[in-house]
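Coordinate analysis (summary)
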Amino acid sequence: MPLPFILDTDIGTDVDDALALALALRHPDLDLRAVTTVSGDTRRRARIAAMLLRIAGRTDIEVAAGIRGELAEGRQSEAGHEDAMLLGADTSDLRISNRDGVSLLVEEVAAHGYEVATVGMQSNVAAAVEREPAFASRVPRLTVMGGVFAPVNFLGQPLPPSIDHNLNVDQPASLRSLNAGMAALYVPCDVTFDTWLMSSQVDELRKGDALCQALARQIDIWTKHIHADKRASIPADHAALLHDPLAIACMVDERFVTIETMRVTVAMHENVVRTFVDPAAGHEARVVTSVDGHGFAAFWLQTVLG
């Protein structure tokens, strides 16, 4: 039976959230039941998700806008190109839930025991724990795209743990959520930075159906953004990282990764939220420790093309 789950996402900034949504729709072992959006303009993020779902013919999936969350000093929740991710579509008739994202999480987990995959900030999940303390024990598993458990290598260059965007935009929420005792699967940055989608694969994506073509257009927007960022030198044929798609895949498919069980504590260290292996006081979690990035990128493309 496909795994029913809720996707909690900051879709609309990095394109990998949209690529994760597509994988959730097209992977035969996944059953996406709802989408909640988090951080920044969550209504716009909800419209982006609902637009892609409409293109995919899946208007049956509820989309709820969650909360903005807090914003740590020096961090940004958005990058300025989010309106472009709507691809010029008329979104006036898109159906966005009357429920807020936190209510959806609390109510659907209580009613159905759905798993939750959080591929953005922890604001919605932390608010759900605060609103309903039983939420933490009701979630069968929280899949987290975030954390740093080993040195991060980016195209041959080391990066500091502060590169972990998802856990550091709303730092208090990360501490509340990830120390609440939920069973967790971490797909951390030290692994996901090895998962590039190449421009040749984007060209293949353009040959697919309407959803694939929309994703390719969003990738183009994101690729232009990251190549204009002078802080990093990215080869021209590198289009996007598959951070979030890998997290979604690991919920049901471990063929491209190595996963280890360890006890994890999440804490502040030098003004950065960090994930630490803590055998004495940490909560038991499963942590992805390596990936076949090339193999996974090919699998993502094949699965989404169908």
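Here the structure is a predicted model, which means the values were calculated and not measured.

**Concerning the overall build of the protein**
- Regarding its fold elements, the protein presents 11 helices and 13 strands.
- C-alpha extents for the protein along the principal axes are approximately 50 × 45 × 40 Å.
- Split into buried and exposed, the 306 residues of the protein put 58% on the buried side.
- Within the protein, contacts between residues separated by at least 24 positions form 81% of all contacts whose residues are at least 6 apart in sequence.

**So, the sheet that holds strand β1 (residues 3–9)**
- Pairing in this open sheet of nine strands is mixed, and the strands run β3-β2-β1-β4-β5-β8-β13-β11-β12 from one edge to the other. Of all strands in the sheet, those bounded by a partner on one side alone are β3 (62–65) and β12 (272–277). Each strand axis lies, on average, 30° off the axis of its neighbour in the sheet, ignoring direction.
- Two elements, strand β5 (residues 142–145) and strand β8 (residues 184–187), share four bridges in a ladder whose sense is parallel. Bridge pairing in β8 places Met145 opposite Val187.

**Quick word on the pattern of salt bridges**
- Tallied over the full model, the rule gives 19 salt bridges.
- Among the salt bridges present, the one from Arg45 reaches Glu78, with a minimum N-O distance of 3.9 Å. Here Glu78 lies in the loop between β3 and α3 (101–112) and Arg45 lies in helix α2 (residues 42–55), a separation of 33 residues in the sequence.
- What makes Glu78 partly exposed here is its relative accessible area of 22%.

**Quick look at the side chain of His238**
- Of note, His238 is situated in strand β10 (residues 238–241).
- Using a relative accessible area of 13% as the deciding quantity, one classes His238 as buried.
- Not counting the four nearest positions on each side in its chain, His238 is found in contact with Leu155, Trp196, Leu197, Met198, Thr223 and His227.

**Quick look at the nonpolar core**
- Counting 77 residues, the largest nonpolar core has Ile248 and Trp300 as its most contacted members.
- In this structure, Ile248 is in contact with Phe5, Leu7, Ala20, Leu23, Ala24, Leu30, Ala117 and Val119, ignoring residues within four places of it in sequence.
- By size, the runner-up hydrophobic cluster in this structure holds 30 residues, among which are Ala128, Ala136, Leu142 and Val273.

**Details of the packing of aromatic side chains**
- Going through the model one piece at a time under the given rule, you end up with six aromatic pairs.
- On the numbers, 6.1 Å between centres and 45° between planes, the contact of Phe154 with Trp196 is tilted. Here Phe154, found in strand β6 (residues 152–154), pairs with Trp196, found in strand β9 (residues 196–198); they are 42 residues apart in sequence, far enough to count as distant.
- According to the relative accessible area criterion, Phe154 is buried, its value standing at 11%.
- Using a relative accessible area of 11% as the deciding quantity, one classes Trp196 as buried.

**Considering helix α11 (residues 293–305)**
- The terminal C-alpha atoms of α11 lie 18 Å apart, and with 13 residues this matches the ideal 18 Å at 1.5 Å per residue to within 8%.
- When we look at burial in α11, the residues that qualify are Gly293, Gly295, Phe296, Ala297, Phe299, Trp300, Leu301, Thr303 and Val304.
- On its buried face, α11 is in contact with α1 (16–26), β9, α8 (199–205), α9 (210–228), α10 (243–250) and β13 (283–291).

**Structural notes on the environment of Met51**
- In this structure, Met51 sits in helix α2.
- Along the backbone, Met51 and Ile221 are 170 residues apart, and their C-alpha atoms lie at a distance of 16 Å.
- Aside from chain neighbours lying at most four places away, what touches Met51 is Met85, Leu86, Leu87, Ala89, Leu94 and Gln218.

**Focus on the pairing of β3**
- Strand direction decides the pairing type here: strand β2 (residues 30–37) and β3, joined by four bridges, are parallel. Considered in β3, the bridge of Thr37 is made with Ala65.
- Between the parallel elements β2 and β3, the chain passes through α2 in a crossover that is right-handed.

**Focus on α9**
- With 19 residues, α9 should cover 27 Å at 1.5 Å per step; its first-to-last C-alpha distance of 28 Å lies within 8% of that length.
- By the burial criterion, the buried members of α9 are Leu211, Cys212, Ala214, Leu215, Ala216, Gln218, Ile219, Trp222, Thr223 and Ile226.
- Looking at the packing, one finds that the buried side of α9 touches α1, α2, β9, α8, β10 and α11.
- The N-cap of α9, judged by a side-chain oxygen 3.3 Å from the amide nitrogen of Leu211 a few residues on, is Asp209.

**Regarding unusual backbone geometry**
- A positive phi angle is found at Ser39, which is not glycine, with a value near 80°.
- Note that Ser39 resides in the loop between β2 and α2.

**Section: the environment of Ser137**
- If you trace the backbone, Ser137 turns up in helix α5 (residues 135–138).
- On the basis of relative accessible area, Ser137 is assigned to the exposed category, the value being 64%.
- Linking Ser137 and Gly181, residues 44 residues apart in sequence, is a C-alpha distance of 7.7 Å.
- Looking at Ser137, its side chain comes within polar contact range of the main-chain oxygen of Ala134, at 2.9 Å.

So, how was this worked out
- Residues numbered from 1 in each chain as written.
- Predicted model: local features only at pLDDT ≥ 70, side-chain atom pairs only at ≥ 80, totals over all residues.
- Heavy atoms only, no water.
- Helix = DSSP H or I, 4+ residues; strand = E, 2+ residues; numbered from the N terminus.
- Buried < 20%, exposed > 50% of the residue type's maximum accessible area, 1.4 Å probe, protein only.
- Contact = heavy atoms within 4.5 Å.
- Pairing = 2+ DSSP bridges.
- Axes fitted to C-alpha atoms, helices over the stretch in contact; angles between N-to-C directions.
- Salt bridge = Lys/Arg side-chain N within 4 Å of Asp/Glu carboxyl O.
- Core = buried A, V, L, I, M, F, W, Y, C linked by side-chain atoms within 4.5 Å.
- Phe/Tyr/Trp six-rings, centres within 6.5 Å; stacked < 30°, edge-to-face > 60°.
- Expected span 1.5 Å × (residues − 1).
- Right-handed = clockwise from strand over helix to strand, strands pointing away.
- Polar contact = N/O pair within 3.5 Å; in protein donor to acceptor, adjacent residues only side chain to side chain.

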